[in-house]
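Each chain is listed here by its residues.
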Amino acid sequence: MRVFHVISGFENGGVEALLYRMISVMPQDIEWHIVAHAVPVPSCRARFEALGVQVHLVPCRKRYFAHKRALKALFLRYKPDVVHVHTTEWGALALSAAKRAGVLMRVQHSHAARRESDPCRRLFYRVLFACAKRNATHLVACGSTAAACSFGKRAVAAGLVTVLPNGIDTAAFAFSSDARVAMRAALGLAPDTVAVGMVARFSRQKNHKAALRIFAAYHKVNADSVLLLVGDGPLRATTERSARRLLPTGTVRFLGVRDDMAALLSAMDKFLLPSRFEGLPITLVEAQASGLPCAVSRAVAAEVNFSGNVSFLPVGDTAAFVAALSAPDPSREGADLVAHQSGFSLAAAREAWLTLYGI
C-alpha cells in the first residue's frame, strides 16, 4: 500500500509529531510519502527521511495553479492508494488534485475546532470545508468537537466522520522524579521555583500573547516562577520582544524545538495553553500523561480532559487563569496509566488508523 500525507510544512508541530509516531509503529510494507510546500525545520524533514519516508516539495498554495498541477502530477506518477490531507482549511486543493488523478481513497483530516468571530473569515472557512467535503471520500477528525466544527453536526450525527485518537506512548511520558531533578538542574531551576510550561508552535492560533499576559499576572503573586516556552514558529521573535517588555530578564525561557519532551514535562509544575482555537492537542495529552495540572482556554475540546486535572477558562479572564495556576498540585504518579486506559495509547491509535485504511 502507498499512502501520501499532505501537510503545510515540516515545522515540528503537532501534525508532524503525530505522523512521526504513527509511521514509526505502522507495518513495514506500507510505502509512506509526505507532501509539503515548506521546510522551516530541516531536522524535522530529516527525521522522516530516516524512517524511510519519501518527501516531496510542491509550490506554496498561494501559487494556486502551480500548487494543484504539482500535486496532480505527483499523484499521477505514484498512483497512491490513499491521499490523507492534514491541511484542514486548504485540503480541498489536494483532494481535488487527488480526485482528478483517480485516487480512490481521499481523507480530509481536521486537527482543530476553528471558531472564527469575524463573519467574513467564518464564511471563508465554511466554503473551504464544503469544497473539501465534496472531494473527500473519508472525513476524519482528532475529536468530536473538531469533527462538528469542521464538518458540521449533521455529518457527525449521520456517522460520516471518523474520530482518530491522537495517540502517544503513554509510558514514555510518565512522570519521572529523576528526569525532573536532572532537567531542572540543566535549566538552572531551584527546587522551589514554579515552572509553568507551554508547548506550542508560535502562531496566532496558540496565542502566546495571552500566555505572556497570564504569566505576568501570575508572576506578580509568585515571583519565584518561570515560564518555559517550547517550540518555534513565525511569531517567536515578536513573543521574545513582548517578554522582554513585560517581564524581568530570565523569567521567560525560550527553549526552541526539543526532542526531550518527556523530561521537560517532568521538570514542569504547571501547563498553560490559552489557544484561540484547538481540536484535541497532543501536547495536552502528553502533559496529562505526565500528571501536570493544566490551565487551558475554553477553545480546547473538553473531551481531552481524561485526567480531571484540566481547567477550561475564558481566554480573556486573566484572574481565572492565575487562580488555576495557583491551585494545589495533584499527585503525578500513575497519570500515564490513566492516559492509556482512556484510549490515548499509541497502540489504540495505530489500530484506528489501520482500520481506516482497511488493513
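On a predicted model such as this, the values are computed, not experimentally measured, just so you know.

## Let's talk about the pairing of strand 11 (residues 270-273)
Here strand 11 shows two buried faces, one formed by Lys270 and Leu272 and the other by Phe271 and Leu273. Pairing of strand 8 (residues 194-199) with strand 11 involves two bridges; the strand directions are parallel. Looking at the pairing, valine 196 lines up with lysine 270 of strand 11. Here three bridges tie strand 11 to strand 12 (residues 294-297), and the two strands are oriented parallel to one another. Its bridge partner being in strand 12, phenylalanine 271 is matched across the sheet by cysteine 294. The β-α-β motif built from strand 11, the intervening helix 12 (residues 282-289) and the parallel element strand 12 has right-handed crossover chirality.

## Some thoughts on the sheet that holds strand 11
Read across the open sheet, the six strands follow the order 10-9-8-11-12-13; overall the sheet is parallel. With partners counted over all chains shown, the strands left at the sheet margins are strand 10 (252-256) and strand 13 (310-313), one partner each. The average angle at which neighbouring strand axes cross in this sheet is 25°, direction not considered. Summarising the sheet, strand 8 and strand 9 (residues 225-230) pair through six bridges and their orientation is parallel. Note on strand 9: the bridge partner recorded for alanine 195 is valine 226. Across the face of the sheet, helix 9 (residues 208-221) comes into contact with strand 8, strand 9, strand 10 and strand 11 while running at roughly 165° to strand 9.

## Quick notes on the packing of helix 1 (residues 14-24) against helix 15 (residues 346-356)
Their axes nearest at 10 Å, the elements helix 1 and helix 15 cross at an angle of 85°. Here helix 1 is positioned roughly perpendicular relative to helix 15, judged by the angle of their axes. Contacts between helix 1 and helix 15 involve Leu18, Leu19, Arg21 and Met22 from the former and Leu346, Ala349, Arg350 and Trp353 from the latter. The class makeup of the residues in the contact of helix 1 with helix 15 is six nonpolar, no polar and two charged.

Conventions adopted
- Residues numbered from 1 in each chain as written.
- Predicted model: local features only at pLDDT ≥ 70, side-chain atom pairs only at ≥ 80, totals over all residues.
- Heavy atoms only, no water.
- Buried < 20%, exposed > 50% of the residue type's maximum accessible area, 1.4 Å probe, protein only.
- Helix = DSSP H or I, 4+ residues; strand = E, 2+ residues; numbered from the N terminus.
- Pairing = 2+ DSSP bridges.
- Right-handed = clockwise from strand over helix to strand, strands pointing away.
- Axes fitted to C-alpha atoms, helices over the stretch in contact; angles between N-to-C directions.
- Contact = heavy atoms within 4.5 Å.
- Parallel < 35°, antiparallel > 145°, perpendicular 65-115°, else oblique.
- Nonpolar A, V, L, I, M, F, W, Y, C, P; charged D, E, K, R; others polar.

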